[in-house]
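Summary of structural features
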Amino acid sequence: MTSTPYQFLCDESRVSFGGDEFVFVEFGEAMDLAEALRIQAITAALTRMAIAGIVDVAPANASYMIRLDPEHLDPRHLVQTLDGLHKQFADSFAVTLDTDIVEIPVWYDDPSTSETCMKFRDRHQSPSETDIQYTARVNDYSSVDELISAHSSAPFIVTFPCFKPGNTESMQLVPRDRQIQTPKYLRPRTETPARAVAHGGAFTVIYPTSGVGGYQLLGRSAVPVVDLTQTTPGYEKSMVLTKSSSLIQFRPIHGDQYRDIRVSSKMGTYQYNRHPVTFVLSRFLDDPIGYAEELKEVVRW
Amino acid sequence: MVTVQYAGAHTLVQDLGRDGHYAIGLPPSGALDQFSHRCANLLVGNHSAAATLEVTMVGPKLRFDAPACVAVAGGDAPVWIDDVLHDTWMTLYVESGQTLTVGTLRTGCRAYIAIRGGIDSPPFLGSRSTYVSSAIGGLHGTPIVIGDHLPIGTEMAHDCPGPGSTVDDRLRPTLSCHYQIRVVEGLCHYRFDENSIERFFTSTFTVSPVSDRTGYRLSGPSLTFVEREPPFGAGDNPSNVVDLGYPMGSIQIPNGEEPICLLRDAVTGGGYAPIGTIINCDLDLVGQMKAPDAIQFVRVTLSDALSARKRQNQRMQDVKFGLKLLSLF
């Protein structure tokens, strides 16, 4: 068999089948914010169509996958529907997303993540620096403080919830030449504190729970991003704080503030600073810095 | 109520799985060998979605404080009721006060203990399946432990087949030490060079001991990738791609060195290029493999995969018919 396993849609997206239950669509090989938002618009529209036999619609950074029940829907029959959606959302400049923005208070360069990352230097590119020192250096920032102010200067947009519930890969709303980029660990750590804020590739994540991880540790969120029991305020509607296309604004805090917020978070009195917002891609592409400032205003104290 | 007197090596409450949550990063979980799980339930007249106990290599010892119908299906193992030895794949009757013990598996890697009515642990998102990494499902999000009390539910579909009822040998999965597993090519298949793709489908791989419900790691020849400038956001290693969703059954080869077949508890996405996906009915067989079983991958088309799926569904129907349950519907 020499035939290619791929079909191509109107926009040259590559379609293939993941066994008998999955359809996989890849837009391109590089991360591109405009394409990521098109993916979110297309998958949201597909979800709204509520096609019988579709079990999952899962958008990712430069691709999406669909799980289906072949007894009710032949995966081959779905391709034409997808092509129609790709035509309908051909123009990424027209993408607007009704979403929300949430503020995450972060103790950057905190003792627990510093201590954790120093345990795993044998798996890391840099034997002596902490992860945040390394990240600042490879991004040409003269100090850790400069990196912190860049990381908290503009909101991030969630492009791929994956790995475990609550975890979201998000990309900062800044022009590409200002994107913070770091390699991941050479071999993953076996430990990561819960709520660690970390960066790998061009993405920031907040680890929902403790466990393995390969992203560079930058600090620790004072508030959780998941509650599978849905018993704490802020989780009434969902087990996870953020989903695809949510915006996240990081706010640097000191150790004292961190401890205060931890107490109120544990007591169930912490109220997330979260507001609905409409994200208009064309406005971001026209004036990324100005538009990011405007979005940031929504969660200003 | 059933009391755990010995937990076995890694015994989990599992059902058909918690489908529909890939978008929040929650994999489906569920019995790794779905066919054997369904057969065990059929042997005691349960709904196929009733929860069973998934045994890994060494089974538990359970004490019953009420009479019950039970059955063990999947890999073959000695099954004792008190000190009387019984067969797997057979409806058995346990009296109040007796114990059921499942020993060490002689074939395969997993066996399913069905109890009439099903294990009635609290469902989470519509499923009782244990997913250890998020500590959900089962009794407490972990494997069962000594002293656990397993509540028994009422998920019966029909009358219980009489004691001694069995599933025809020819309908049971063929468990050996050498498996041929069918794969539909796709996903990031284009990242692998032609020679590597040929090598992948003509070589024999060996199951490594570092294999569990998240994935099976294999050792074998290394594979190489088509050269390219790393795209923005992909990462520097040739096996890296911009993070993408991992279908259940997809096979990735980090650094070209160690293929990993992702199973029902796998993380839902990441940055390693997958070459293709194991067809659904063959995932049941992967769940029955153990180190150092041999595995060869066979390329099939989607249409072959859908035909194989139909045959597997027919086989399930044949099991039902064989148990003479159709007349009771």
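Named according to an unreviewed UniProt entry, chain A is Allophanate hydrolase originating from Rhodococcus erythropolis.

1. Describing helix α3 (residues 111–118) of chain A
Residues and elements named next belong to chain A. Taken together, the buried positions of α3 are occupied by Thr 113, Thr 116 and Cys 117. End-on, the buried residues of α3 take up no more than an arc of 95 degrees, which puts them together on one face. Exposed residues lying more than 90 degrees from the buried face of α3 are Pro 111 and Glu 115. Where α3 is buried, its residues contact α4 (131–138), β9 (196–200) and β11 (216–221).

2. With respect to the sheet that holds strand β10 (residues 110–115) of chain B
Sheet strands associate in pairs through backbone hydrogen bonding, adopting either a parallel or an antiparallel arrangement. All names here are of chain B. One open sheet holds the five strands; their spatial order is β2-β3-β10-β5-β8, and the pairing between them is antiparallel. If you trace the sheet from one side to the other, it starts and ends with β2 (12–14) and β8 (92–94), each paired once. Each neighbouring strand pair of the sheet contributes to a mean axis angle of 35 degrees, computed without reference to strand direction. Pairing of strand β3 (residues 52–56) with β10 involves four bridges; the strand directions are antiparallel. Directly across from Val 55, in β10, lies its bridge partner Ala 111. Where helix α1 (residues 34–43) meets the sheet, its contacts fall on β2, β3, β5 (68–74) and β10, and the angle it forms with β5 comes to roughly 155 degrees.

3. So, the nonpolar core
The nonpolar side chains of a soluble globular protein tend to be buried with one another. Of all hydrophobic cores here, the largest spans 169 residues; its most connected members are Val70(B), Val72(B), Ala73(B) and Ile113(B). Contacts of Val72(B), omitting those with residues within four sequence positions, involve Ala40(B), Ala77(B), Val79(B), Thr88(B), Val102(B), Ala111(B), Tyr112(B) and Ile113(B).

4. Some remarks on the domain arrangement of chain B
All names here are of chain B. What the domain assignment reports for chain B is domain 1 (2–172) and domain 2 (178–307). Distance from the C-alpha centre of domain 1 to the C-alpha centre of domain 2: 29 Å. On the side of domain 2, 13 residues touch domain 1, which itself brings 17 residues to the contact.

5. Notes on the pairing of strand β3 (residues 22–26) of chain A
All names here are of chain A. Here β3 lies mainly inside the structure; five of its five residues are buried. Here β3 shows two buried faces, one formed by Phe 22, Phe 24 and Glu 26 and the other by Val 23 and Val 25. Between strand β2 (residues 14–18) and the antiparallel strand that follows it, β3, lie three residues; Gly 19 among them carries a positive phi value of about 65 degrees.

Thresholds applied
- All residue numbers refer to positions counted from 1 along the written sequence of the respective chain.
- All chains are assigned letters beginning with A, and all ligands numbers beginning with 1, in the order in which they are written.
- Given that the model is predicted, a residue must reach a pLDDT of at least 70 before its local features are reported, and side-chain atom pairs must reach 80 or more before they are shown or counted; all residues, however, enter totals for whole chains, interfaces and linings.
- Neighbour density around each residue's C-beta defines its exposure: 20 or more other C-beta atoms within 10 Å make it buried, 12 or fewer make it exposed, and counts between make it partly exposed, where C-beta atoms are placed from the backbone.
- Only DSSP runs of H or I with at least four residues qualify as helices, and only runs of E with at least two residues qualify as strands; both kinds are numbered from the N terminus onward.
- By arc we mean the arc of the directions from the helix axis to the C-beta atoms, nothing more.
- By the criterion used throughout, residues are in contact when their C-beta atoms, derived from the backbone, lie within 7 Å.
- Whether two strands pair comes down to DSSP finding at least two bridges between them.
- Geometry is summarised by axes, namely lines fitted to C-alpha atoms with helices restricted to the contacting stretch, and by angles between N-to-C directions that run from 0 to 180 degrees.
- We define a nonpolar core as a collection of buried residues of the types Ala, Val, Leu, Ile, Met, Phe, Trp, Tyr and Cys that are connected via C-beta atoms lying within 7 Å of each other.
- What fixes the domain bounds is an automatic or database domain assignment.

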